[in-house]
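Listed here are the chains, written in short residue letters.
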Amino acid sequence: MTPRPVTFLLLAAGSPGDYAIIKGLKRSNKYAVTLHAADCDHLKGNLYLPEVDKAYIVPRHDAPNYESTILGLVEATGADVLLSDLDEELPALSAMSGKLKELGCAVVLPPRLPLLVCLDKLQAHLKLAGKVFQPTTIPGNAADPKFGLCLLQMFGGVILKPRCLRGGRGVDLARTPDEISFYAKRHAERGPFIGQQYLRGREFNVSMLHDLAGTMIYCAVREKLEVRLVKSNTIAAEVVRNEPVLEQALAAVRDLGLARGFNNVEVILSDGIAYVIDLN
C-alpha cells in the first residue's frame, strides 16, 4: 500500500514529549508525513531534528499576533493536521477551529470554555462538585493563620497546589502547621493556589480519545508503579481494568464538556473510593 501524503504542523514542538511524536510520525507506514515544527523558543533542540522538514519560531499563545501568525503558517504550509500538547495553547486553538477548518486543517478539540476551566484547578473542582468524587479542596489563603488546619486535623496532611499550573508541578505536602504556613507563603508568591485533602492510596491515570461526535475511540487505565509523592510524569505503570477508576474518569471528562480529542485524568483509589485529582 502506498503511504498517503499528509502535512503536519506541530506546535510547542520543543516539548520533551514531542521527541517521540516527531520520531513516530516520520516512521509511519500508513502516511508519508511532511512535518513542520514550530515553537516560541529557537533554542529547543527538537526543531533541529533531521525528521523535521522545516522549523519556525512563533509567538507565545498569549501574544497579540499569535492567531494571525498561526493561521498564516497553516495556510503557507498547507497543513492538513495541527497538533499541540501544550495545555495552555489549546483554548486559543479551539477558538480558531472554525478558521482552521476553512483552511482545510483538522483540529479535534473541545470548546474553548471547558478547556479554560480545566486549566484552573479550583474552577474544575467546583464544576465537578457533586458529580464525581474529589478530595476536599479549599482556596489558598496565606494571610489566614488557620488556613489548612482543618484539613490537617481531619486527614493528617495537606496538599498545596498552584491553581493554574499543569499536572503535578509545584505540588507540596504539609504535615504540620509550620509546614502549611511555609508552603502557603511560598505558593502565594507565585500566584493563586489551593489546599487539598491528603489522600493515601493507589494512583492511576486514565487516557482516552473521543472523536468530533464525542464517540470514544479508546480508553486505557494505567496503575502507577511508583512511590513518589508527585507522579505527574509517569515513569512506570501497568495497564489494568478497574471499573470505579474508569467510571469516575469518564464522568469527569463528560461533565466538564471535554469529550472531544485527547484527555488524561489522574485518579487516586483510597479506601475503595476513586477520587479525581487532576485533568489534562
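Conventions and cut-offs
- Residues numbered from 1 in each chain as written.
- Predicted model: local features only at pLDDT ≥ 70, side-chain atom pairs only at ≥ 80, totals over all residues.
- Heavy atoms only, no water.
- Helix = DSSP H or I, 4+ residues; strand = E, 2+ residues; numbered from the N terminus.
- Rg over C-alpha atoms; globule rule 2.2 N^0.38 Å.
- Buried < 20%, exposed > 50% of the residue type's maximum accessible area, 1.4 Å probe, protein only.
- Contact = heavy atoms within 4.5 Å.
- Expected span 1.5 Å × (residues − 1).
- Arc of directions from axis to C-beta.
- Pairing = 2+ DSSP bridges.
- Axes fitted to C-alpha atoms, helices over the stretch in contact; angles between N-to-C directions.
- Patch = residues over 30% accessible without salt bridge, like charges linked within 9 Å, V, L, I, M, F, W, Y side chains within 5 Å.
- Areas by Shrake-Rupley, 256 points an atom, 1.4 Å probe, with all protein chains shown as cover.
- Salt bridge = Lys/Arg side-chain N within 4 Å of Asp/Glu carboxyl O.
- Core = buried A, V, L, I, M, F, W, Y, C linked by side-chain atoms within 4.5 Å.
- Polar contact = N/O pair within 3.5 Å; in protein donor to acceptor, adjacent residues only side chain to side chain.

Chemist: If you had to explain the overall build of the protein chain to someone new, which residues and values would you point to?
Modeler: Secondary structure assignment for the protein chain yields 9 helices and 13 strands. Taking 2.2 N^0.38 as the reference for a compact globule, 280 residues should give roughly 19 Å; the C-alpha atoms of the protein chain span a radius of gyration of 20 Å, in line with that estimate. Counting only C-alpha atoms and orienting by the principal axes, one finds that the protein chain spans roughly 65 × 40 × 30 Å. The proportion of buried residues among the 280 residues of the protein chain is 46%. Long-range pairs, those at least 24 residues apart, make up 60% of the contacts in the protein chain between residues at least 6 apart in sequence.

Chemist: Which residues make up helix α8 (residues 177–190), and what are the values?
Modeler: For α8, which comprises 14 residues, the first-to-last C-alpha distance of 20 Å matches the rise-based estimate of 20 Å (1.5 Å per residue) to within 8%. By the burial criterion, the buried members of α8 are Ile180, Tyr183, Ala184 and His187. Along α8, the residues classed as buried sweep out an arc of 110° about the axis, all on the same side. Every exposed residue of α8 that faces more than 90 degrees away from the buried side is listed here: Asp178, Lys185 and Glu189. Lining the buried residues of α8 we find α7 (149–155), β6 (158–162), β7 (172–174) and β8 (193–197).

Chemist: So what's going on with the sheet that holds strand β13 (residues 273–279)? Which residues, and what values?
Modeler: Here we have 5 strands laid out as an open sheet, ordered β11-β10-β9-β12-β13, and antiparallel in their pairing. Lying at the two open borders of the sheet, with one neighbouring strand each, are β11 (237–240) and β13. On average, each strand axis in the sheet is inclined to that of its neighbour by 30°, with strand direction left out of account. Of the strand pairs in this sheet, strand β10 (residues 216–224) and β11 are connected by 4 bridges, and their pairing is antiparallel.

Chemist: Give a detailed account of a nonpolar patch on the surface, specifying residues and quantitative values.
Modeler: On the surface, Ile217, Tyr218 and Phe262 cluster together to form a nonpolar patch covering roughly 340 Å² of accessible area. On the secondary structure map, Ile217 appears in strand β10. Overall, the relative accessible area of 53% leaves Ile217 in the exposed class.

Chemist: Tell me about the environment of Glu189, and please be specific about residues and values.
Modeler: For Glu189, the location among the structural elements is in helix α8. Note: C-alpha distance between Glu189 and Ala236 (47 residues apart in sequence) is 33 Å.

Chemist: How would you explain the sheet that holds β8 if you had to name every residue and give the values?
Modeler: Taken in spatial order, the 4 strands of this open sheet run β5-β8-β6-β7, and their pairing is antiparallel. Of all strands in the sheet, those bounded by a partner on one side alone are β5 (137–139) and β7. Across the sheet, the axes of successive neighbouring strands diverge by a mean angle of 30°, strand direction being ignored. Against the sheet, α8 touches β6, β7 and β8, its axis set at about 150° to β7.

Chemist: Lay out the nonpolar core in plain terms, naming residues and giving numbers.
Modeler: The biggest cluster of nonpolar side chains holds 43 residues, and the ones touching the most others in it are Leu82 and Leu279. If one sorts the elements of this core by residue count, helix α9 (residues 243–256) sits on top with 7 residues. Apart from residues no more than four positions distant in its own chain, Leu82 is found in contact with Leu9, Leu11, Ile70, Leu93, Leu100, Cys105, Ala106 and Val107. In terms of nonpolar packing, the next biggest core, distinct from the first, is built from 12 residues, Val6, Leu25, Val33 and Leu49 among them.

Chemist: Please provide a residue-by-residue account of α9, values included.
Modeler: Counted at 1.5 Å a residue, the expected span for α9 with its 14 residues is 20 Å, and the 20 Å between its end C-alpha atoms agrees. Taken together, the buried positions of α9 are Val245, Leu246, Gln248, Ala249, Ala251, Ala252, Val253 and Leu256. Its side-chain oxygen placed 3.2 Å from the backbone nitrogen of Val245, Asn242 serves as the N-cap of α9. Phi for Gly257, located one or two positions after α9, is positive at around 75°.

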